[in-house]
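Remarks on the overall topology
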Amino acid sequence: LNFNTGTIFPWLTNNSAQQEDCLVDEAGCFMEEAGPELCKKDVLGDGNETVIQMLSAAKSLLKEEKFVHSYPYDCRTKKPVIIRATKQWFINVEDIKASAQELLKKVKFIPTSRAIRMQETLNSRSYWCISRQRKWGVPIPVFYHSETEEPLMNSHSIEHVIKLVEQHGSDAWWMLSLDELLPKTLLKKAHSSFDASYYRKGQDILDIWFDSGTSWAHVLEGTDQRADLYVEGQDQLGGWFQSSLITSTATRKKAPYGSVLVHGFVVTEKGEKMSKSVGNVVSPNVVINGGEDKTKEQSYGADVLRWWVAESNVFKHVSLGPTTLNSSRDNVNKLRKILCFMLGNLKGFRPETDIVPNTEMYIIDQYMLHLLQDYSSKVMEAYKAYDFGRVIRSLQSFISRDLSSFYFSIIKDRLYCEEEKDPKRRSCQTVLAEALDAVVRSFAPVLPHLAEEVFQHLPYMKEPVSVFRTGWIKSSSVWKKPGLVEVVEGACAMRDSFLGSIPGKNAVEYDVILVIEPGLLFELMESLQSEETSCISQLNELMMCSQTTLLTELPRDLPADAKTVDGSFLINLEGGDIREETAYKVILHSASKERCPRCWKYTTASSLTPCPRCLEVIAEK
């Protein structure tokens with residue numbers, strides 16, 4: 001049905017804009033102008049039936065048939081709505097659109113693709129209706145003449161209403177009398193010859209996007225202030241982001257923000273939209289504390305929820321449910337175990353006296369500081385870009401691959417078997433202390449409770465101190481040593497060849513012979529082991545075997561069970577200026593000595609006697 005809804009823009013004075021009265025009132029019923037048969041009848045109810053009857057009586061009804069079709073429904077009440085145009089208040093966006101679009105070009109969007117969408121939504125907007133017909137909200141302080149409907153609103157009347165709102169709150173508009181809202185002094189300033197009784201106060205409220213779109217005026221002190229970042233969902237490209245830009249452009253000729261981060265929405269694990277009416281909304285409070293029935297809705301804690309948020313690609317729709325939360329909890333628990341290992345092995349370490357200078361460290365320890373410096377840089381860059389998913393990926397990669405799987409497995413012998421104050425042990429403890437500090441600070445914004453817990457249990461901290469009161473990630477450019485990469489990776493290439501040939505077996509049960517033709521690779525390995533054969537060298541530690549021999553040619557005699565693995569390694573130094581591919585052979589055979597009862601390496605003459613290294617440690621104790 002066409003309800004003759006009238007003119008959309010009531011201020012148009014062009015003669016071609018014919019004004020027509022609306023035939024439907026605010027209650028959704030036909031008005032007197034529709035005729036006595038329809039007057040006061042519900043448009044979607046008996047009024048609809050009456051129209052059909054009138055058409056049929058006038059023989060103007062060609063056909064009556066029921067069929068299913070799309071129709072607008074109210075999202076909350078789930079009832080059909082009618083669309084009727086009424087007189088509204090508008091902002092002419094066309095006048096400031098060009099300026100707003102130019103200002104928008106200087107704003108950084110995350111992700112950048114959203115900037116295009118924002119420009120498109122702004123370009124398609126000519127007018128902004130800022131009035132709403134609701135029972136709650138901020139009233140539009142306008143008065144209408146009872147007979148002419150002429151609006152009365154000027155700077156004097158607005159200032160007066162503002163003072164009343166400051167005294168009585170925004171309900172003053174609804175509570176106070178017309179004489180109080182519109183005193184005679186204001187009528188005189190408006191050059192009106194009528195008193196307040198000839199006026200009625202407007203019942204419209206401001207669009208909530210106008211309320212939120214002017215929030216910068218209260219939050220940002222001074223006309224030159226600009227927010228660093230606005231954060232909201234992708235639906236706000238035509239909402240809050242745009243209303244803030246329009247109001248700021250109109251009044252200050254500048255954007256209210258420097259950057260805009262646009263995120264997606266949370267959906268169920270089936271990809272369904274969450275809705276209160278459907279009842280599939282996952283409450284953060286239930287995730288943190290659990291529901292009434294803990295067997296069905298268990299508690300995960302705040303850190304697990306925060307981890308899930310951080311690791312999700314928030315720029316798209318993200319799913320939330322038991323599966324994703326259990327995965328996040330497992331990841332947090334893995335991190336917790338790694339932190340426990342680091343804390344436990346720092347017992348007795350005092351940074352003020354025990355830190356080993358970078359130049360005196362084992363090469364593998366220097367290499368780990370090199371990786372730590374690289375990790376710190378990546379994390380800080382990710383935070384600056386508000387890419388929290390990249391923060392989590394970098395963290396997981398570093399703690400799982402570089403620390404737990406690689407470094408921890410190599411240094412366990414040094415940590416557990418060397419004398420407590422031995423410089424070699426203090427060297428890897430120095431790395432553990434630096435790594436623990438950097439890692440905890442890096443995830444503190446995501447997991448604040450776990451970060452605080454770690455800092456409360458640092459064994460070398462005299463008094464507990466908050467991680468949030470001691471600065472950001474600390475790393476040193478001195479740690480950056482790209483030259484060490486080829487040394488360690490060359491040794492690791494041969495280590496991988498060795499370990500790959502003994503799947504499921506213990507590496508310490510073997511002795512390893514490395515045969516490398518004379519050249520740069522051999523010289524790099526000599527920096528890890530100067531003697532021909534050793535069971536305590538840095539190369540032997542990296543190989544994780546009982547004894548390592550470094551040769552330039554194959555030995556004449558080999559044990560009967562010896563196994564040879566061929567490989568090659570490409571050295572790339574000085575940004576590619578030095579490139580050399582070298583072949584090597586890894587020969588492994590059963591350890592030739594007995595197992596040490598203390599360190600469990602096959603490095604002693606008798607299984608009843610500790611190896612020379614362990615005897616020396618015991619003697620010092």
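Quantities reported herein were computed from a predicted structural model and do not represent experimental measurements.

**Structural notes on empty space enclosed by the protein**
For the structure shown, the criterion picks out one cavity of 30 Å³ or more. Taken as a whole, the largest cavity holds about 30 Å³ of empty space. As for the largest cavity, its lining consists of D511, C535, S546, Q547, S592, K593, Y602 and T603. Each residue belonging to the lining of the largest cavity can be placed in one class, and the counts come to two nonpolar, four polar and two charged.

**Some words on the sheet that holds strand β9 (residues 227-233)**
Taking strand neighbours across the sheet as the criterion, the three strands line up as β2-β10-β9 in an open arrangement whose pairing is parallel. The open sheet has two edge strands, β2 (108-110) and β9, and neither has a second partner. Taken pair by pair, the neighbouring strands of this sheet meet at an average axis angle of 20°, ignoring direction. Relative to strand β10 (residues 257-263), β9 is paired through six bridges, and the arrangement is parallel. Note that in β10 the partner of A227 across the bridge is Y257. Against the sheet, helix α10 (residues 240-252) makes contact with β9 and β10, and its axis sits at roughly 145° relative to β9, the strand it touches most.

**What about the nonpolar core?**
L403, F406, Y407, L436, F443, F498 and M525 are the most contacted members of the largest nonpolar core, which has 101 residues in total. Among the elements that take part in this core, helix α16 (residues 388-417) stands out by supplying twelve residues, more than any other. In this structure, F443 is in contact with L335, L339, Y383, L395, L450 and A451, ignoring residues within four places of it in sequence. Within the second largest apolar cluster, 28 residues are counted, among which are V93, W128, Y230 and F241.

**Description of the confidence of the model for the protein chain**
Here the protein chain shows a mean pLDDT of 90. Residues at 70 or above account for 96%. pLDDT under 50 marks residues 1-19. Its contacts with residues more than four places away, or in other chains, come to 30 contacts.

**Topic: the packing of aromatic side chains**
The relative placement of two aromatic rings is captured by the distance of their centres and the angle of their planes. Within this structure, the stated rule accounts for 14 aromatic pairs. With centroids separated by 6.1 Å and ring planes inclined at 65°, the aromatic side chains of Y383 and F388 adopt a geometry described as edge-to-face. Through a chain of ring-to-ring contacts, the aromatic side chains of Y230, W240, F241 and Y257 assemble into a single cluster. Just above the ring of W600 sits the side chain of R595; from NZ or CZ to the centre is 4.4 Å.

**As for the environment of M543**
Locating M543 in the fold gives a position in helix α21 (residues 538-543). The spacing of M543 and F498 is 45 residues in sequence and 7.9 Å in space, taken between C-alpha atoms. Those residues in contact with M543 that sit more than four places away from it in its chain are A491, M494, R495, F498, V512, L514 and T548.

**Considerations on the environment of V488**
If you trace the backbone, V488 turns up in helix α19 (residues 483-500). Ignoring sequence-local partners within four residues, the contact set of V488 consists of I363, I364, Y367 and F406.

**Some points on the packing of helix α15 (residues 363-384) against α19**
With their axes 10 Å apart at the nearest point, α15 and α19 run at an angle of 120° to one another. The orientation of α15 with respect to α19, classified from their angle, is oblique. The two elements α15 and α19 cross, and the hand of that crossing is left-handed. Contact residues: I363, I364, Q366, Y367 and H370 in α15; L484, V485, V487, V488 and E489 in α19. Class assignment for the residues of the contact of α15 with α19 results in seven nonpolar, two polar and one charged.

Definitions and limits used
- Note that residues are indexed from 1 along each chain, following the sequence as it is written.
- Given that this is a predicted model, residues contribute local features only at a pLDDT of at least 70 and side-chain atom pairs are listed and counted only at 80 or more, while totals for whole chains, interfaces and linings are drawn from all residues.
- In computing side-chain properties, one takes all heavy atoms of the structure into account and sets aside hydrogens as well as water.
- Buried and open spaces are told apart on a 1 Å grid over the protein atoms alone, a cavity being a set of points where a 1.4 Å probe fits but cannot get out and a pocket being an open set with protein on both sides within 12 Å along at least five of seven lines. Residues with an atom within 4 Å of a point are the lining residues.
- Grid points are joined across faces, edges and corners, and a volume is the space filled by probe spheres set on the points.
- Under the scheme applied here, ten amino acids are nonpolar (Ala, Val, Leu, Ile, Met, Phe, Trp, Tyr, Cys and Pro), four are charged (Asp, Glu, Lys and Arg), and all others, including Gly, are polar.
- Any two strands with at least two DSSP bridges between them are considered paired.
- A helix here means a DSSP run of H or I that spans at least four residues, while a strand means a run of E at least two residues long, and both kinds are numbered starting from the N terminus.
- A fitted line through C-alpha atoms serves as each axis, taken over the contacting stretch for helices, and the angle formed by two N-to-C directions is quoted from 0 to 180°.
- Whether two residues are in contact is decided by their heavy atoms: any pair within 4.5 Å suffices.
- The set of buried Ala, Val, Leu, Ile, Met, Phe, Trp, Tyr and Cys residues whose side-chain atoms join them within 4.5 Å is what this entry labels a nonpolar core.
- The buried label applies to any residue whose accessible area, calculated with a 1.4 Å probe on protein chains only, is under 20% of its type's maximum; exposed applies above 50%, and partly exposed to all values in between.
- The predictor attaches a confidence to each residue, called pLDDT, with possible values from 0 through 100.
- Stacked, tilted and edge-to-face pairs are distinguished by plane angle, under 30 degrees for stacked and over 60 for edge-to-face with tilted covering the rest, among Phe, Tyr and Trp rings (Trp via its six-membered ring) whose centres lie within 6.5 Å.
- Should the NZ of a Lys or the CZ of an Arg lie within 6 Å of a ring centre and within 35 degrees of the ring normal, that charge is described as sitting over the ring.
- For classification, angles of less than 35 degrees are called roughly parallel, those exceeding 145 degrees roughly antiparallel, those between 65 and 115 degrees roughly perpendicular, and all remaining angles oblique.
- For any helix crossing, the convention is left-handed if the near helix is rotated counterclockwise from the far helix by under a right angle, and right-handed if that rotation is clockwise.

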